[in-house]
Structures are given as structure tokens and as C-alpha cells.
Amino acid sequence: MQRIVMLLDMDYFFAQVEERGEPGLKGKPLIVCIFSGRGEFGGVVSTCNYEARKLGVRSGMPIAFAKKKAKDGAFLPADFGKYERASERIMQIVKKYAKTTEQASIDEAYAELGEESEGDFSKAAEIAQKIKDEILQREKLTCSVGIGENKLIAKMAAEMEKPNGLTVVKPQEIGKFLHGMEVGKLFGVGKKTEGKLHALGVKTIGELAQKDLLFLTENFGNSFGKYLFDASKGKDDEPVEEREEAGQISRIASFPKDTQDKKEIEGFVSRLAEDVFKRAGEEGMEFRQVTFTAILEGLEAHTKSRTFEKYESSIEVLQKTAMELVREFDLRGKKMRRAGVRIGMLQKKGKAGAGEKTNEGNGSAGRAAKNRNGAGNKLAGAWDAAQKNLFDF
Ligand code: TTP
Ligand code: MG
Ligand code: MG
């Protein structure tokens, strides 16, 4: 049967949730902020509504900068608990309509719709419309949906018409859909890859699709080269997979006294890592990411993360990685007040071995997965920044 995949992404999610709670905010620039605690406007923009976007405000921008662009905007602190609760309810709605779903981020989910739609794209669009209607009716929130024969096309289709979009790209339309698009719009192509492709004279996805495999692997390595080769033609065979365990386990604590002593910091972080490992063991989890957080005097917060290709479950790997991150960290003459260790991208031990199989396998799925994880890491990076407040204080 024809495979059909849907990707649903909430529109300006955190800001839309805030607007919903406060109708008076609608129609004026609204900026959701992650305040760092340093000065009145220290911190970054989490997201903002379309009125603020029109003025040039963007996710990740310093709040002080956004303040200059949207002088009369409302600047609200992020309230993660509120967004997580809304997200859970939305995910429940999506699950009612499809047997297999995969939450890809706080505001995003894939659903495999082939069976439900009997392989018919117009039926799939009807299902998507029902999901949109129910989310609007129950949550008073809009979202944008993309539908295609795989995750890659679904994801890129969802970006086409925002907000409140519903875009279907049928298999025979893929070529036309991708051809003239800027290469930076291809999922998995970040600023760095885009720059490199431009330097190689590749400006559009259509031009990328003309390049042969050898050229791409020589320039981008075997795995990412092959990913670009396939993705530029809209090929992707990543399955939609329930992610059993997202979440993370962390420990953060204050030093008895602010300190610059490297040995003391290392000993402290090593104990935090042990604690985290113990909890991971109790919950039977393995991890693909380790993050070290340092809060310096004056509450300046920094995080450093490392992501592995496969799931790890040993204390040695956790300790070694945490120590590397600590040693790489430059105090720049300041004292450390608090330190934290976190493991993320968790899964139940032994579960599927999916991470290992997909990452190390020879199939294109493995390569795509690896790359997608790479792309995901960028978001994880944004999330690290976004969640700093929660984790740190
Ligand atoms: P996105 O879906 O990337 O963005 P969005 O929903 O705000 O806007 P769009 O309509 O374009 O989809 O991210 C979902 C939420 O994640 C977003 O509402 C806030 C949070 N987030 C951050 O806190 N920092 C970031 O840098 C990004 C990209 C997102
Ligand atoms: Mg969104
Ligand atoms: Mg999103």
C-alpha cells in the first residue's frame, strides 16, 4: 500500500499558548522570553507571534535586541509547564487518529497514515483536517500539517504554509516541490552545510539532486553525503517510531562556597554524575547525550553537551564525558557557584537497540537517522538554551 506520513507542527507554539490565555494580547507583538536573570533584559527569545516576526524578532535572539525591534511588544517569561501540558493533550488527540505516531519535539508529531487512509492522499488530508479541527476546538490552537510519502517530505511540506496550513505533496509532485527550493531549506542542511554547498556552486535542491554520489561523499563524508544524495530527491525511508522515553535525568547542586578550584569542581561533578547514573540505573535507562551545566557567580549560566552515535549505559562513559566537558570549560577568571550533570535522549535499556541499529546500519535509513539526529541536535541545542532556566534554578 502507498505509504503516507503526516507531520503536524504547532504554530508559534509557546506564544500561541500565551495568547490563548490572555485575549488582550492578540494582535500585538508577543515575545516569549527565557530570562537569564542577568539584568532586566538578559536572556534569549524562545519564540514570538507573527506580529513580532514581522518586526524581525526570531527564536534565539537576545531579548535586548528583540526589545529594539518590537518596542511596544509584550515580553513574557516562558512557562514550560503550561506548554508541556498543552503538548501532552495535543499528542493525545493525534494518537486517536493514527496507530503509529512519533513525537518529534514539544510541538511536533509524525503519524503514519497509510493504513488509516487506505493509501489515499485525499483521505489522509481529511484525517489531518479532523485532527486540526479537534485541536482547534479543544485547545483553541492552530497548527500546520504536511503530508507526503515519507517523513522528509511531510516535514518540508508542513513548512510551506504557516500558520494554519495543510499541504499535501503527492509522490509525483516531489520533483517539482523540491526542484527550485533553496538548498538551505532541505531538512538536515544547516547554515554550515548551506555555506559549503554554496561554495561548491549548489544553490537549489534541484542542483544538489544533479550531483553524483561520489562528489557528495567526497565533500561531506560517506554518511552525510549519501543522505544529501537521497534527500535531494525526496527519498527517505525512516520509519515513524514511537519514542518510548524522551525526557532526561539531571542533578544540579551548589558548591559549599563559590570556587575556582579545578580539582574541587571535578570531584563535585563526578559525584553528580554518579547520582545521575544511579537514577538512570533505577529507571533502566540508557542515554545518548551528556550535558554539563555551570552557573558562575552573578548567575551566568553555561551548558556544554556531547551526543553519541549510539546509546550508552556505562558509568565510565558518563564520568569520562562529564570530565571532558568540565575540562573544556573555561572559567575565564570567574568562580563557579553551581554545577549540573544531565543525561538526555534516553531510552529503556535493551529496548529495540533501535538507536544502535539505525545509526550503525548500512541502510539508508541508518544514514538518514544519523543525519536527522544531527539535525535534531540543533534543536536539542536550542532546547538546552530554552530549558536552562528550569534546569538551573
Ligand atoms: P518551533 O516549532 O520551531 O517554532 P514555533 O512553534 O514557535 O513557530 P512555528 O510556527 O514556526 O512552528 O518550536 C516550538 C517551540 O519550541 C517554540 O514555540 C518555542 C521553543 N523553541 C525555543 O524555545 N527556542 C528555539 O530556538 C526554538 C527554535 C524553539
Ligand atoms: Mg511550531
Ligand atoms: Mg516545531
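In case you missed it, the structure is sitting above this.
Conventions adopted
- Residues numbered from 1 in each chain as written.
- Chains lettered and ligands numbered in written order.
- Predicted model: local features only at pLDDT ≥ 70, side-chain atom pairs only at ≥ 80, totals over all residues.
- Heavy atoms only, no water.
- Axes fitted to C-alpha atoms, helices over the stretch in contact; angles between N-to-C directions.
- Helix = DSSP H or I, 4+ residues; strand = E, 2+ residues; numbered from the N terminus.
- Left-handed = near helix turned anticlockwise from the far one by under 90°.
- Contact = heavy atoms within 4.5 Å.
- Nonpolar A, V, L, I, M, F, W, Y, C, P; charged D, E, K, R; others polar.
- Near = heavy atom within 4 Å.
- Polar contact = N/O pair within 3.5 Å; in protein donor to acceptor, adjacent residues only side chain to side chain.
- Donors = N, O, S within 2.8 Å, 3.2 Å for Na, K, Ca; no water.
- Tetrahedral: all angles 85-135°; square planar, octahedral: opposite > 155°, others 65-115°.
- Phe/Tyr/Trp six-rings, centres within 6.5 Å; stacked < 30°, edge-to-face > 60°.
- Buried < 20%, exposed > 50% of the residue type's maximum accessible area, 1.4 Å probe, protein only.

**A short note on the packing of helix 13 (residues 262-282) against helix 14 (residues 315-328)**
Working note: a packed helix pair is described by the angle between its axes plus the distance between those axes.
Link 1 in the chain: Their axes nearest at 10 Å, the elements helix 13 and helix 14 cross at an angle of 145 degrees. As helix 13 packs across helix 14, the resulting crossing turns out to be right-handed. Residues Lys262, Ile265, Glu266, Val269, Ser270, Ala273, Glu274, Val276 and Phe277 of helix 13 pack against Ile315, Leu318, Gln319, Ala322, Met323, Val326 and Arg327 of helix 14.
Link 2 in the chain: For the contact of helix 13 with helix 14, the residue count by class is 10 nonpolar, two polar and four charged.

**With respect to the site of ligand 1**
Link 1 in the chain: Near ligand 1, the surroundings consist of 15 residues, among which Tyr12, Ser46, Thr47, Arg53 and Asp107 are the closest.
Link 2 in the chain: Met10 is positioned with one of its backbone polar atoms (N or O) 3.1 Å from an oxygen atom of ligand 1.
Link 3 in the chain: Between ligand 1 and the protein, one listed contact pairs an oxygen atom with a side-chain N or O atom of Ser46 at 2.8 Å.
Link 4 in the chain: For the shell around ligand 1, the secondary-structure elements that each account for two or more residues are strand 1 (5-10), helix 1 (13-21), strand 3 (43-48), helix 2 (50-54) and helix 16 (364-392).
Link 5 in the chain: When the residues that make up the shell around ligand 1 are grouped by side-chain class, the tally is seven nonpolar, three polar and five charged.

**Remarks on the coordination of the magnesium ion (ligand 2)**
Reference geometry at the metal: tetrahedral coordination by four donors gives ideal angles of 109.5 degrees; octahedral coordination by six donors gives 90 or 180 degrees.
Link 1 in the chain: Coordination sphere of the magnesium ion (ligand 2), protein contribution only: Asp9 (OD), Met10 (O) and Asp107 (OD), at 2.0 to 2.2 Å.
Link 2 in the chain: Considering all six donor atoms around the magnesium ion (ligand 2), the spread of angles at the metal, 79 to 172 degrees, places the coordination shape in the octahedral class.
Link 3 in the chain: Written as a sequence motif, the donor residues of the magnesium ion (ligand 2) are D-M-x96-D.
Link 4 in the chain: Between the magnesium ion (ligand 2) and the magnesium ion (ligand 3), the interatomic distance is 3.5 Å, and Asp9 donates to each metal, bridging them. In this pair, Asp9 sits in strand 1 while Asp107 sits in the loop between strand 5 (100-105) and strand 6 (108-112), placing the two residues 98 residues apart along the sequence.

**Digging into unusual backbone geometry**
Link 1 in the chain: Residues Lys162 and Pro163 are joined by a peptide bond in cis, for which omega reads -5 degrees.
Link 2 in the chain: Its place among the elements puts Pro163 in the loop between helix 7 (151-160) and strand 8 (166-168).
Link 3 in the chain: Positive phi, close to 25 degrees, is recorded for Tyr12, a residue that is not glycine.
Link 4 in the chain: Inspection of the secondary structure assignment puts Tyr12 in the loop between strand 1 and helix 1.

**Some thoughts on the packing of aromatic side chains**
Link 1 in the chain: Inspection of every chain in the model, using the stated rule, returns 10 aromatic pairs.
Link 2 in the chain: Relative to Phe329, the ring of Phe292 lies with its centre 5.9 Å away and its plane at 80 degrees, an arrangement referred to as edge-to-face. One end of the pair, Phe292, is in strand 10 (residues 285-296); the other, Phe329, is in the loop between helix 14 and strand 12 (336-344), with 37 residues separating them in the sequence.
Link 3 in the chain: Since its relative accessible area comes to 7%, Phe329 is described here as buried.
Link 4 in the chain: Each residue in the set Phe13, Phe14, Phe80 and Tyr83 is aromatic and connected to the rest through ring pairs, giving one cluster.

Coordinates in, geometry out; function isn't part of it.
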